[in-house]
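Report on the structure
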Amino acid sequence: MALIEKLNESIIVGDGQTAVNTAKEIINNNIDIKDAILNGLSAGMKIVSEKYEKHKYFLTEIIIAADALNSAFELFKPHLSKQGKYKAKVVIGVVKGDIHEIGKNIVAQFLKAAGYYIIDLGRNAPPEKFIEAVKNNNAEFLAMSTLMSPTLEQMKIVIEKLKKEGIRDKIKVIIGGAPTDEKFAKDIGADYCCKDANEVVSLLDSILDKFKS
Amino acid sequence: MSLIEDFLLELGFSQELIDGVFAKLGAFIPTIFLSGGFSINEYHKKTNIPAYKIVKNAEHLVKAQIDLHKRFKIDLLTCLVDLNIMSEAFGAEIYYEYDVLPMPKSPAVDSLDKIEDLEIPDPKKDGRLPVILECSKIYKERYKNKYNVIYGGVIEGPITAASNIIGVENFMRGLIKAPELIHKLLDKVTTALIEFGNMQLEFGADAIGIAEPTASSTCISLEFFEEFSYPYLKKINRKLNTPGTLIHICGYTEPIIKKWVKIPKTFIISVDEVDVRYALDIIGNKFVIVAGNISPNLLLRGTPEEIEQKTKEIIYKIGNNGKFVLCPGCDLAPGTPEKNIMTFINTSKKYGKFPIKN
């Protein structure tokens with residue numbers, strides 16, 4: 001089995017040890033790291049996500065797949081800067097009042113694997129923290145999530161603060177999490193609402209492609 | 001009168017609610033609520049008392065629930081309003097908020113190999129367990145004979161409590177990588193939950209509800225439900241000194257319903273992302289009531305027209321089956337507009353009178 005295929009398979013089955021060993025082999029064999037990330041890690045995680053949507057996989061499988069991805073990615077990271085730049089910077093976090101961050105962590109892993117630079121604010125992040133991170137990092141994207149209805153309002157507060165700081169037009173705002181939908185995104189002035197990690201990666205890639213063309 | 005009606009009366013259900021459950025001519029489909037987060041936020045707005053004080057004080061907790069009964073004629077009350085009670089008693093740290101429910105800050109132990117170190121808490125001493133016990137006592141002494149309500153003691157389900165004790169991600173990893181350690185944890189948690197549940201009954205609760213959202217098929221597979229949730233829920237229900245329990249599992253649960261309703265002494269299942277007709281069909285002739293499943297998100301953000309439409313759809317889907325109560329799929333969110341709650345209640349009165357004609 002080719003190494004990238006082996007890496008891909010290790011993510012799908014959540015085998016962290018094989019993912020790490022394969023990543024080492026890929027590095028030692030001077031295989032293109034970006035190719036390994038895209039077609040090994042990212043493609044593997046995409047399959048995991050598809051299985052979750054079809055109720056073939058559950059949160060348990062997603063977490064061990066994400067663990068495997070992270071272990072391999074950490075090995076690739078030092079080699080990435082040698083091979084090329086990140087696609088764009090993304091500030092990501094769970095809004096104030098909510099501590100459910102598994103979904104956010106998975107999106108962050110997907111984005112990392114797809115070549116984005118992630119500024120992760122963790123969970124229960126106050127609006128000021130989002131604004132500060134966007135400004136300090138000149139981020140191109142801001143991604144916010146919540147699992148709970150009561151904390152939806154916090155997303156609106158962050159967007160209002162972006163406007164107040166005069167930086168709303170400089171950044172694309174993506175929201176996600178169980179209670180969010182496109183109507184809500186429109187109501188609060190967010191640019192997009194995504195339902196899963198795959199969609200976030202595809203969306204960001206397509207925005208960047210459009211921008212380039 | 002049937003034995004089941006006797007049993008429901010004994011638990012404290014009103015005759016009106018029982019008639020609705022049995023789809024008797026002229027009765028209405030009953031409406032119940034899971035209203036923890038909403039009740040705290042409403043009481044905070046009314047009294048200006050910070051939520052972090054309300055959730056640590058039995059007097060406030062009971063008053064918050066009685067207020068809801070007075071405003072909305074909510075018949076099922078409960079004072080265990082957040083699902084961090086057992087994990088906190090085991091040693092987890094909690095964020096206490098000004099206007100909403102507390103949230104987990106850090107688990108009691110941060111790795112699976114520390115499970116052995118966990119000690120079973122004392123319900124009369126540890127965390128907020130004594131506060132919840134006091135709520136049952138206050139209800140029994142002051143309100144049981146004054147209001148026509150049923151007071152449900154609540155315990156977290158074993159998986160929900162256990163995952164907050166070691167952190168949800170660690171718990172999920174453990175299910176796959178260290179199942180024997182997870183079973184050890186679940187044994188300890190189950191012992192603690194049984195003791196806590198029985199004490200709530202002893203102090204005055206009419207019945208017990210079990211909140212087990214982490215056992216949903218959004219989080220774990222049917223196989224894991226069968227191995228890690230079902231046996232412990234079965235043990236809890238067998239050992240609780242009550243003739244029956246309500247078990248709430250929000251999220252997607254269609255794959256587990258068949259097994260779920262086999263848990264002995266389960267008499268209400270409170271469902272969320274499920275076709276309620278499908279749930280009733282699975283249940284067949286067995287006496288298990290389905291409670292569901294208007295989205296709390298729709299109640300929070302929808303228009304009264306949307307809520308009426310969705311509630312009507314659920315009513316027509318159930319028709320004259322009985323063994324059904326209308327209920328939000330999960331806890332009513334803080335800030336849910338009063339007019340939306342009233343629309344939900346009134347829609348049952350408008351379209352839910354038996355015989356229901358679609």
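Here the structure is a predicted model, which is why all the values come from computation and not from measurement. For every chain, the first residue of the written sequence is number 1, and numbering continues from 1 along that sequence. Ligands are numbered from 1 and chains lettered from A, in the order in which they are written. A pLDDT threshold of at least 70 governs which residues receive local features in this predicted model, and a stricter bar of 80 or more applies before side-chain atom pairs are shown or counted, although totals over entire chains, interfaces and linings include all residues.

1. Things to note about the overall build of chain B
Helix and strand assignments come from DSSP, with helices taken as H or I runs of at least 4 residues and strands as E runs of at least 2, each series counted from the N terminus. Tallying secondary structure elements over chain B gives 16 helices and nine strands in all. For chain B, the spread of C-alpha atoms along the principal axes amounts to about 60 × 45 × 40 Å. Once C-beta atoms have been placed from the backbone, residue pairs whose C-beta atoms lie within 7 Å are recorded as contacts. Long-range pairs, those at least 24 residues apart, make up 72% of the contacts in chain B with a sequence separation of at least 6.

2. A word on the overall build of chain A
The secondary structure content of chain A amounts to nine helices and five strands. Counting from the amino terminus, helix and strand elements in chain A follow one another as α-α-α-α-β-α-β-α-β-α-β-α-β-α. Relative to the compact-globule value of 17 Å for 213 residues, chain A shows a C-alpha radius of gyration of 17 Å, a close match. Oriented by its inertia axes, the alpha-carbon framework of chain A measures out at about 50 × 35 × 30 Å. Burial is judged by counting other C-beta atoms within 10 Å of a residue's own C-beta: 20 or more means buried, 12 or fewer means exposed, and anything between counts as partly exposed, with every C-beta placed from the backbone. Across the 213 residues that make up chain A, the buried fraction comes to 47%. Long-range pairs, those at least 24 residues apart, make up 74% of the contacts in chain A between residues at least 6 apart in sequence. Here the radius of gyration uses the C-alpha set of atoms, whereas the globule reference equals 2.2 Å times the residue count to the power 0.38.

3. Overview of the interface of chain A and chain B
Chain A puts 13 residues into the contact, and the matching count from chain B is 24 residues. When residues in the side of chain A that touches chain B are grouped by element, the largest group, four residues, is from helix 4 (residues 59–83) of chain A. Side-chain classes are defined by residue name, with Ala, Val, Leu, Ile, Met, Phe, Trp, Tyr, Cys and Pro counting as nonpolar, Asp, Glu, Lys and Arg as charged, and the others, Gly among them, as polar. A per-class count over the side of chain A that touches chain B returns eight nonpolar, five polar and no charged.

4. Side note on helix 3 (residues 36–47) of chain B
Residues and elements named next belong to chain B. The span you would expect from a helix comes to 1.5 Å times its residue count less one. Between its first and last C-alpha atoms helix 3 spans 17 Å; for twelve residues at 1.5 Å apiece the expected length is 16 Å, and the two agree. For helix 3, the tally of buried residues reaches nine of twelve residues, placing the bulk of the element in the interior. Taken residue by residue, helix 3 has G36, G37, F38, S39, I40, N41, E42, Y43 and H44 as its buried positions. Structurally, helix 3 contributes buried residues whose contacts are with helix 4 (51–54) and helix 5 (58–72). Of the residues one or two after helix 3, N48 is the one with positive phi, at around 65 degrees.

5. Some thoughts on the sheet that holds strand 8 (residues 289–294) of chain B
Residues and elements named next belong to chain B. Strand order in this open sheet of seven strands is 1-4-5-6-7-8-9, and the pairing throughout is parallel. In the strand order of this sheet, the two ends are held by strand 1 (76–77) and strand 9 (324–328), each with one partner. At least two bridges found by DSSP between two strands is the condition for calling them paired. Where strand 5 (residues 207–211) and strand 6 (residues 245–252) come together, four bridges link them in parallel fashion. Across the sheet, A211 pairs through a bridge with H248, a residue of strand 6. Here an axis means a line fitted to C-alpha atoms, over the contact stretch when the element is a helix, while the angle between two N-to-C directions is reported on a 0 to 180 degree scale. Most of the contacts of helix 10 (residues 179–203) go to strand 4 (residues 150–156), to which it runs at about 165 degrees, and overall it touches strand 4 and strand 5. Sheet strands touched by helix 13 (residues 276–283): strand 7 (266–273), strand 8 and strand 9. Its angle to strand 8, the strand with the most contacts, is close to 170 degrees.

6. Description of the packing of helix 3 of chain B against helix 5 of chain B
Residues and elements named next belong to chain B. In contact at an axis separation of 9 Å, helix 3 and helix 5 are set at 100 degrees when each is read in the N-to-C sense. Classified by the angle their axes make, helix 3 and helix 5 are roughly perpendicular. Between helix 3 and helix 5, the residues in contact are S39, I40, E42 and Y43 and H60, K63, A64, Q65, D67 and L68, respectively. Across the contact of helix 3 with helix 5, the residue classes tally to four nonpolar, three polar and three charged. In these notes the angle categories are as follows: under 35 degrees is roughly parallel, over 145 is roughly antiparallel, 65 to 115 is roughly perpendicular, and the rest is oblique.

7. Here we look at the sheet that holds strand 5 (residues 192–194) of chain A
Residues and elements named next belong to chain A. Spatial strand order, 2-1-3-4-5: five strands in an open sheet with parallel pairing. On the outer flanks of this sheet lie strand 2 (117–120) and strand 5, each paired with one strand and no other. Ignoring which end each strand starts from, the neighbouring axes of this sheet average 25 degrees apart. Pairing of strand 4 (residues 172–176) with strand 5 involves three bridges; the strand directions are parallel. Paired with I175 across the bridge in strand 5 is C193. Sitting on the sheet, helix 5 (residues 102–113) touches strand 1 (89–94), strand 2, strand 3 (141–145) and strand 4, and the angle it makes with strand 1 is about 165 degrees.

8. Details of the pairing of strand 5 of chain B
All names here are of chain B. For strand 5, the buried fraction is high: five of the five residues fall into the buried class. Pairing analysis gives five bridges linking strand 4 to strand 5, with the strands arranged parallel. Across the sheet, residue V154 finds its bridge partner in strand 5, namely G209. Each parallel crossover has a hand, and the one from strand 5 via helix 11 (residues 222–239) to strand 6 is right-handed. With strands facing away from the observer, any crossover in which the path from the first strand over the helix to the second runs clockwise is taken as right-handed.

9. A short note on the domain arrangement of chain A
All names here are of chain A. Each domain's extent is set by a domain assignment, obtained either automatically or from a database. Assigned domains within chain A: domain 1 (3–83) and domain 2 (89–212). Each of domain 1 and domain 2 has a C-alpha centre, and these two points are 24 Å apart. Tallying the contact residues gives 13 residues for domain 1 and twelve residues for domain 2. Only helix 3 (33–53) and helix 4 provide two or more residues apiece to the side of domain 1 that touches domain 2. For the side of domain 1 that touches domain 2, the element with the highest residue contribution is helix 3, accounting for seven residues.

10. Here's the deal with the environment of A:A65
Residues and elements named next belong to chain A. Relative to the elements of secondary structure, A65 occurs in helix 4. For the pair A65 and I99, spaced 34 residues apart in sequence, the C-alpha to C-alpha distance is 21 Å. Discounting chain neighbours no more than four positions away, the residues touching A65 are I11, I12, G14, M45 and V48.

11. A closer look at the nonpolar core
Residues and elements named next belong to chain A. In these notes, a nonpolar core means any group of buried Ala, Val, Leu, Ile, Met, Phe, Trp, Tyr and Cys residues linked to one another through C-beta atoms within 7 Å. Within the largest apolar cluster, 184 residues are counted, with the highest numbers of intra-cluster contacts made by L69, F110 and V200. Tallying contributions element by element places helix 4 first for this core, with eleven residues. When residues no more than four places from it in sequence are discounted, the contact partners of F110 are S42, M45, A197, N198, V200 and V201.

12. Overview of unusual backbone geometry
All names here are of chain B. Along the chain, G292 connects to N293 via a cis peptide bond; the corresponding omega equals -25 degrees. Assignment of secondary structure puts N293 in strand 8. In the Ramachandran plot, N48 falls in the positive-phi region, its phi being about 65 degrees despite a non-glycine side chain.

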